[in-house]
Structure formats: structure tokens, C-alpha cells
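Architecture and fold: a report
So you can see what is in the structure, the chains are spelled out below.
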Amino acid sequence: MRDIMYLALGDSIATGTLHNFARVTSYTEYLYHMLRRRGRRTRMVSLARDGDTSRELLHRLGQPWFQSWVRRADLITVSIGGNNVMRAASIPGFTSVRVPQAEAGVGVFCSDWDKIIERLRTLNSGCTLVVMTVYNPYNHSRYLVGGYGADRGMRELTERYLSRINGVIESQCRGRYEIADIHALFDRFAHGEMGRVANLYSPGLYLLRNPHPTVYGHRLIARAHANAIEGLLD
């Protein structure tokens with residue numbers, strides 16, 4: 001088996017950030033260890049950055065130092081798009097969305113996505129490239145838990161924007177990358193169990209409530225990525 005250079009790109013989901021400076025082991029690190037346990041000599045470099053949107057990733061793909069890492073990679077994972085919508089959310093609490101800002105963020109993603117993939121493939125046409133869909137961190141309204149009555153309708157509203165982002169990811173694949181469908185994976189928990197995979201419903205202070213994955217959520221994301229690349233690195 002040949003050695004693997006794994007490059008992680010994206011946002012705070014890829015870095016493992018929960019809130020402020022608190023972090024957990026991210027799905028990228030879990031995936032790295034999975035590859036090593038399978039006998040692959042693997043080196044991992046993460047260029048993911050908290051808060052990045054699609055526009056910021058696209059900008060960084062134009063920087064020579066960033067491009068040099070992309071060229072070296074055998075495996076690249078990408079988590080991007082969530083902040084295009086999340087920047088429109090009310091903080092703290094994530095109980096409302098500023099609609100004009102969300103519309104603008106989705107429009108930017110739809111404009112950026114093909115350019116991001118084209119730049120990645122121009123720089124590195126032979127690597128295994130895996131993109132994750134953006135999950136919805138809210139329970140369905142009829143399954144409100146933990147006293148978060150203000151969430152009523154938030155899943156439905158958020159889905160309006162995420163369905164457009166994920167629709168672009170899925171429709172523009174055309175064999176250029178693999179998809180880890182995390183949206184569908186987390187949707188299984190939306191009937192009152194979203195707190196198992198996302199921190200919107202975890203016990204704790206309201207001010208620390210956020211949509212990032214839990215430890216268990218990160219492990220599931222890593223497993224989905226491992227399944228997506230099964231057999232592609234041999």
C-alpha cells in the first residue's frame with residue numbers, strides 16, 4: 001500500500017470547534033486514524049479555518065502556498081457552505097434567521113461552488129476528493145426538546161436554504177468528487193434526537209448552544225467519509 005497525504009479543507013466542522021475556542025476531536029482526525037488503523041501510512045494536514053464560507057475558501061484556493069498543499073494531496077475532504085447560512089442566524093441561541101442575509105449567502109455559494117471544484121481539479125486531477133453535504137441541526141418542530149420552543153419552524157426555514165446548497169453539491173458532482181451525505185445521515189435524528197449529533201440540544205448553558213456536531217456526530221461523519229472512499233485509495 002502506498003503512503004497517503006490527506007488534506008482537510010473547510011470550516012469549523014473540519015477543525016472540530018464547538019464554540020469560541022472549545023474544540024473536540026473532529027471528523028477529519030477520526031478519519032485520519034481510521035486510515036492508519038487500516039494499515040495506511042498517512043500524513044494529515046488541515047487547512048480548515050473556523051468561520052470560512054465558500055467565498056473565503058475560493059479566495060484561499062488562489063493563494064500559491066495553499067495551492068502547493070492541494071497539489072500534494074492524495075485525499076482531500078471539504079466541509080463548506082454551512083457558514084453561508086449560519087452567518088444569518090441569531091446569536092446567541094440560533095432561534096431565528098435573517099432571511100435577506102441567508103438568501104445572499106446561498107446565492108454566493110451557488111456562484112462559488114463550481115469554481116471551487118474547478119480550481120481543486122485543475123490543481124490536482126488525480127486525488128480522491130470527498131465533499132460532505134450540509135446537515136440541518138434542528139429537530140422537526142413537533143419534536144421540540146429541552147425547552148427550546150423558539151425553534152418552532154426553524155428546521156423548515158433552514159431547510160429552504162440548505163436544500164439549495166446541497167442540491168448544487170449533488171447536481172454538480174458529475175464524477176468529479178465523492179459525496180458523504182451528512183444531511184441524510186443527521187436527518188435520521190431529527191425526530192427529537194438531534195441532540196445526539198448536534199449541540200443545539202445538548203444540556204448546558206443557552207449561551208453555549210450551537211449547531212456544531214457532538215463527539216458522536218463527528219464520529220458518524222468520519223465513518224460516512226470512510227465509506228465514501230472505500231477502495232478508492234488502493
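Residues numbered from 1 in each chain as written. Predicted model: local features only at pLDDT ≥ 70, side-chain atom pairs only at ≥ 80, totals over all residues. Heavy atoms only, no water.

Comments concerning the pattern of salt bridges
- Enumeration according to the criterion identifies 12 salt bridges in this entry.
- Among the ionic pairs, Glu230 bridges to Arg38, the shortest N-O distance being 3.2 Å. Here Glu230, found in the segment after helix H9 (215–228), pairs with Arg38, found in the loop between helix H2 (27–37) and strand S4 (42–46); they are 192 residues apart in sequence, far enough to count as distant.
- Residue Glu230 is classed as exposed on the basis of its relative accessible area of 52%.
- Exposure remark for Arg38: the relative accessible area of 41% places this residue in the partly exposed category.
- Arg155 serves as the salt-bridge partner of Asp187, at 2.4 Å between the closest nitrogen and oxygen. With Asp187 in helix H8 (residues 182–187) and Arg155 in helix H7 (residues 154–171), this pair connects stretches of sequence that are 32 residues apart. (Salt bridge = Lys/Arg side-chain N within 4 Å of Asp/Glu carboxyl O. Helix = DSSP H or I, 4+ residues; strand = E, 2+ residues; numbered from the N terminus. Buried < 20%, exposed > 50% of the residue type's maximum accessible area, 1.4 Å probe, protein only.)

A word on the sheet that holds strand S1 (residues 4–10)
- If you trace the five strands from one edge of the open sheet to the other, you get S4-S1-S5-S6-S7, paired in parallel fashion. Here the strands that pair on one side only, and so sit at the sheet edges, are S4 and strand S7 (178–180). If you compare each strand with its neighbour and ignore which way they point, the axes differ by 20 degrees on average.
- Examined bridge by bridge, strand S5 (residues 75–79) and strand S6 (residues 128–132) share four bridges and lie parallel to one another. Each bridged residue has a counterpart across the sheet, and for Thr77 the counterpart in S6 is Val130.
- Where helix H4 (residues 64–72) meets the sheet, it contacts S1, S4 and S5, and its direction lies at approximately 135 degrees from that of S1. (Pairing = 2+ DSSP bridges. Axes fitted to C-alpha atoms, helices over the stretch in contact; angles between N-to-C directions. Contact = heavy atoms within 4.5 Å.)

Brief notes about H7
- For H7, with 18 residues, the first-to-last C-alpha span of 25 Å sits near the 26 Å given by 1.5 Å per residue.
- At Arg160, H7 shows its maximal bend, which comes to roughly 35 degrees.
- Within the sequence span of H7, burial applies to Met154, Arg155, Leu157, Thr158, Tyr161, Leu162, Ile165, Asn166, Val168 and Ile169.
- Contacts made by the buried residues of H7 are with helix H5 (82–86), helix H6 (99–123), S6, S7 and H8. (Expected span 1.5 Å × (residues − 1). Bend = angle between axes of the 7 residues up to and from the residue.)

Side note on the packing of aromatic side chains
- Considering all chains together, one arrives at five aromatic pairs under this definition.
- An angle of 85 degrees between the planes, with centres 5.5 Å apart, marks the rings of Trp65 and Phe66 as edge-to-face.
- Ring geometry for Tyr135 against Phe186: centres 4.6 Å apart, planes inclined by 45 degrees, an arrangement best described as tilted. With Tyr135 in the loop between S6 and H7 and Phe186 in helix H8, this pair connects stretches of sequence that are 51 residues apart. Each of the two residues, Tyr135 as well as Phe186, counts as buried.
- Through pairs of rings, three or more aromatic residues link up here, namely Phe109, Trp113 and Tyr177.
- Above the plane of the ring of Trp69 lies Arg72, whose end atom (NZ or CZ) is 4.2 Å from the centre.
- Geometry around Tyr201 places Arg209 over its ring, the cationic atom sitting 5.3 Å from the centre. (Phe/Tyr/Trp six-rings, centres within 6.5 Å; stacked < 30°, edge-to-face > 60°. Lys NZ or Arg CZ within 6 Å of the ring centre and 35° of its normal.)

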